[in-house]
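# Remarks on the overall topology
Now for the letters of each chain:
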Amino acid sequence: MFPDKWWHYFYQGTVVLVFQPAEEAGNGAKRMIGDGALENVEAIFAVHVSHEHPTSIIGSRPGPLLAGLDPVLAASAAVISLQGIVSREANPLDSQVVSVTSLNGGDSLDMIADTVVLGGTFRAFSNTSFYQLLQRIEEVIVEQARVFRCSATVDFFEKEYTIYPPTVNDEGMYEHVRKVAIDLFGPTNFRVVPPMMGAEDFSFYSEVVPAAFFYIGVRNETLGSIHTGHSPYFMIDEDALPMGAAAHAAIAERYLNEHRR
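Residues numbered from 1 in each chain as written. Predicted model: local features only at pLDDT ≥ 70, side-chain atom pairs only at ≥ 80, totals over all residues. Heavy atoms only, no water.

## Details of the pattern of salt bridges
Evaluated as defined, the whole model comprises four salt bridges. Across the salt bridge formed by Glu-139 and Arg-136, the nearest N and O atoms sit 2.7 Å from each other. In this pair, Glu-139 and Arg-136 both sit in helix α3 (residues 127-147), three residues apart, roughly one turn of the helix. Where Asp-183 meets Arg-254, a salt bridge forms, and the shortest distance between an N and an O atom there is 2.7 Å. With a gap of 71 residues between them, Asp-183 in helix α4 (residues 171-185) and Arg-254 in helix α6 (residues 240-258) connect regions that are remote in the sequence. For Arg-254, a relative accessible area of 28% corresponds to the partly exposed category. (Salt bridge = Lys/Arg side-chain N within 4 Å of Asp/Glu carboxyl O. Helix = DSSP H or I, 4+ residues; strand = E, 2+ residues; numbered from the N terminus. Buried < 20%, exposed > 50% of the residue type's maximum accessible area, 1.4 Å probe, protein only.)

Below you can see the structure in the form of structure tokens.
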């Protein structure tokens, strides 16, 4: 038998669970914030499965963890020139990516297109580098087109799809996750992971309150759980699920107990 409202003995505060739609390129986090999801919230934590780590291994890192993301004779020059932004202008110790992923000038073989559309993506681990890339991409495309007596406009789709900023873990919140994970699963089951060039809309939350994003491994070669979450062959080792739930609950519980007012 548990006493009435037994959870009051364990949770000295309020835990808010965020059930968020539209995580993949739908800016769900941004809209949740606009709807008040972070009102009176002091900190936020998120866990994501990872096929790169064995089942139930917890991984994270302080600071930048995931990059930011945004939506392929003159167009070809622009493509080549865009590659020089990172290779010639960026600090080699500050990882950045600019990729042209599509180029469409029509499908006629005997007619020169009057319009060419490029599409692509760019990523960086800091907001400063991110917005510098944004500025330079537009400058390079517009000015390179002018060299060939063409005109160009650049659309980052900021109204339809807000640009994803980098996901940056607060060092204090990362340390909190690390300590809880080690206490639960032991020091051999926590890893400091390298930053990745993927993007995550949890980054919007991390701009508002101190945040920590961490991974739980689901890699199990015997089961075939070896593919990324975006692969058509993706599957999950479900043995990670209770471990992830336990980690998430303990992170919230200990945070509340250590930040009593």
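## A word on the pairing of strand β8 (residues 211-219)
The buried fraction of β8 amounts to eight of the nine residues, a majority that puts the element mostly inside the structure. Across two bridges, the pairing between strand β2 (residues 58-60) and β8 is antiparallel. Residue pairing in the sheet places Ile-58 in a bridge with Ile-216 of β8. (Pairing = 2+ DSSP bridges.)

## What to know about α3
Over its 21 residues, α3 runs 30 Å from end to end, which matches the ideal 30 Å to within 8%, given 1.5 Å per residue. Where α3 ends, the next residue or the one after it, Arg-149, has phi of about 60 degrees, a positive value. (Expected span 1.5 Å × (residues − 1).)

## Quick look at the confidence of the model for the chain
This prediction gives the chain a mean pLDDT of 79; 79% of its residues lie at or above 70. At the level of individual helices and strands, the chain shows its lowest average pLDDT in helix α2 (residues 74-89), which scores 65, and its highest in α4, which scores 93. (pLDDT = per-residue confidence, 0-100.)

## Remarks on the side chain of Ser-50
Within the element layout of this structure, Ser-50 appears in strand β1 (residues 44-54). A residue is classified by how much of its surface remains accessible, and Ser-50, at 8% relative accessible area, is buried. A polar contact of 3.2 Å, which involves the side chain of Ser-50, links it to the backbone nitrogen of Glu-52. (Polar contact = N/O pair within 3.5 Å; in protein donor to acceptor, adjacent residues only side chain to side chain.)

## A word on the sheet that holds strand β7 (residues 190-192)
Pairing is mixed across the open sheet formed by four strands, whose spatial order is β1-β8-β2-β7. Bordering the open sheet on either side are β1 and β7, each of which pairs with just one other strand. Strand-to-strand, the axes of this sheet are offset by a mean angle of 30 degrees, without reference to chain direction. As paired strands, β2 and β7 are joined by three bridges and run parallel to one another. Note on β7: the bridge partner recorded for Gly-59 is Arg-191. Contacts between α6 and the sheet are confined to β1 and β8, with β8 contributing the most and set at about 160 degrees to the helix. (Axes fitted to C-alpha atoms, helices over the stretch in contact; angles between N-to-C directions. Contact = heavy atoms within 4.5 Å.)

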